[in-house]
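Residues per chain, in single letters:
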Amino acid sequence: MDADTVMGTELRGLRQRRPDIAGTVLAGTDGLLISSDLPNTDATHLAALAAASFGLGHRVADTVRQGEFRESVVCTTAGCVVTYPAGRSALLTLVTVSAAGDLEALHEEARAVARRAGSLLDVRGGGIGATAVPDAHAPLATRTPMATLPAQLRRSSRPTWRRPPI
């Protein structure tokens with residue numbers, strides 16, 4: 001099942017059950033758009049913003065050590081934008097038109113859809129172009145001793161350049 005089929009079944013069903021949802025975006029955690037029913041320019045920007053919001057929320061959750069990241073909610077005067085993780089490398093973002101709606105009921109339905117969509121996308125593997133979330137406590141870089149580098153990469157004892165005459 002591809003991303004368009006997921007969008008066509010799961011997300012359309014969610015929108016039919018929840019008329020307060022104005023649009024949906026399925027994106028990779030790297031900010032690349034997978035599928036959407038919003039106008040293309042809005043969807044591309046929202047996919048990138050959702051990835052940034054997810055990254056920040058994931059980092060905050062890890063820092064305070066209060067469990068796994070569940071969702072990011074931005075409420076405005078006209079509605080809400082909610083981002084949920086969908087599997088290892090995707091995000092489901094919903095745009096609602098009513099800020100006063102029952103968010104807890106929306107969360108329950110949307111989390112279930114995100115789980116199903118994420119499991120379908122995870123089975124497909126890396127075909128969606130997204131990268132998995134790195135471990136927050138992993139080292140940023142690993143040093144390699146010079147003795148293990150190939151001879152071509154090691155510095156020679158003689159300089160390869162000379163100072164120009166003054």
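A quick note: this is a predicted structure, and the numbers were derived from the prediction, not measured.

Conventions and cut-offs
- Residues numbered from 1 in each chain as written.
- Predicted model: local features only at pLDDT ≥ 70, side-chain atom pairs only at ≥ 80, totals over all residues.
- Heavy atoms only, no water.
- Helix = DSSP H or I, 4+ residues; strand = E, 2+ residues; numbered from the N terminus.
- Buried < 20%, exposed > 50% of the residue type's maximum accessible area, 1.4 Å probe, protein only.
- Contact = heavy atoms within 4.5 Å.
- Areas by Shrake-Rupley, 256 points an atom, 1.4 Å probe, with all protein chains shown as cover.
- Core = buried A, V, L, I, M, F, W, Y, C linked by side-chain atoms within 4.5 Å.
- Phe/Tyr/Trp six-rings, centres within 6.5 Å; stacked < 30°, edge-to-face > 60°.
- Salt bridge = Lys/Arg side-chain N within 4 Å of Asp/Glu carboxyl O.

## Topic: the overall build of the protein chain
Okay, so step 1: Summing up its helical and strand segments, the protein chain has three helices and five strands in all.
Okay, so step 2: Helices and strands in the protein chain line up, N terminus first, as α-β-β-α-β-β-β-α.
Okay, so step 3: In the protein chain, which comprises 166 residues, the proportion classed as buried is 35%.
Okay, so step 4: In the protein chain, of all internal contacts separated by at least 6 residues, the share reaching a separation of at least 24 is 51%.
Okay, so step 5: Of the roughly 10,700 Å² of accessible surface on the protein chain, 57% is carried by carbon and sulfur atoms.

## So, the nonpolar core
Generally speaking, a soluble globular protein has its nonpolar side chains buried in company with each other.
Okay, so step 1: Counting 17 residues, the largest nonpolar core has Leu14, Tyr84, Leu92, Leu94 and Leu106 as its most contacted members.
Okay, so step 2: Going through the elements one at a time, helix H1 (3-17), strand E1 (21-28), strand E4 (80-85), strand E5 (90-96) and helix H3 (103-124) are the ones with two or more residues in this core.
Okay, so step 3: Per-element tally for this core: the top contributor is H3, with five residues.

## Regarding the packing of aromatic side chains
Okay, so step 1: A complete count under the given rule lists one aromatic pair for this structure.
Okay, so step 2: An angle of 80° between the planes, with centres 5.2 Å apart, marks the rings of Phe54 and Phe69 as edge-to-face. One end of the pair, Phe54, is in helix H2 (residues 40-64); the other, Phe69, is in the loop between H2 and strand E3 (72-75), with 15 residues separating them in the sequence.
Okay, so step 3: Exposure remark for Phe69: the relative accessible area of 13% places this residue in the buried category.

## What to know about the pattern of salt bridges
Okay, so step 1: Per the counting criterion, the structure on display carries seven salt bridges.
Okay, so step 2: Measuring nitrogen to oxygen at the nearest pair gives 3.8 Å for the salt bridge that ties Arg18 to Glu109. Here Arg18 is found in the loop between H1 and E1, whereas its partner Glu109 is found in helix H3, with 91 residues between them in sequence.
Okay, so step 3: For Glu109, a relative accessible area of 23% translates into the label partly exposed.
Okay, so step 4: Here the salt bridges do not stand alone but share partners, grouping Arg17, Arg18, Asp20 and Glu109 into one network.

Purely spatial values, then, with no claim about function.
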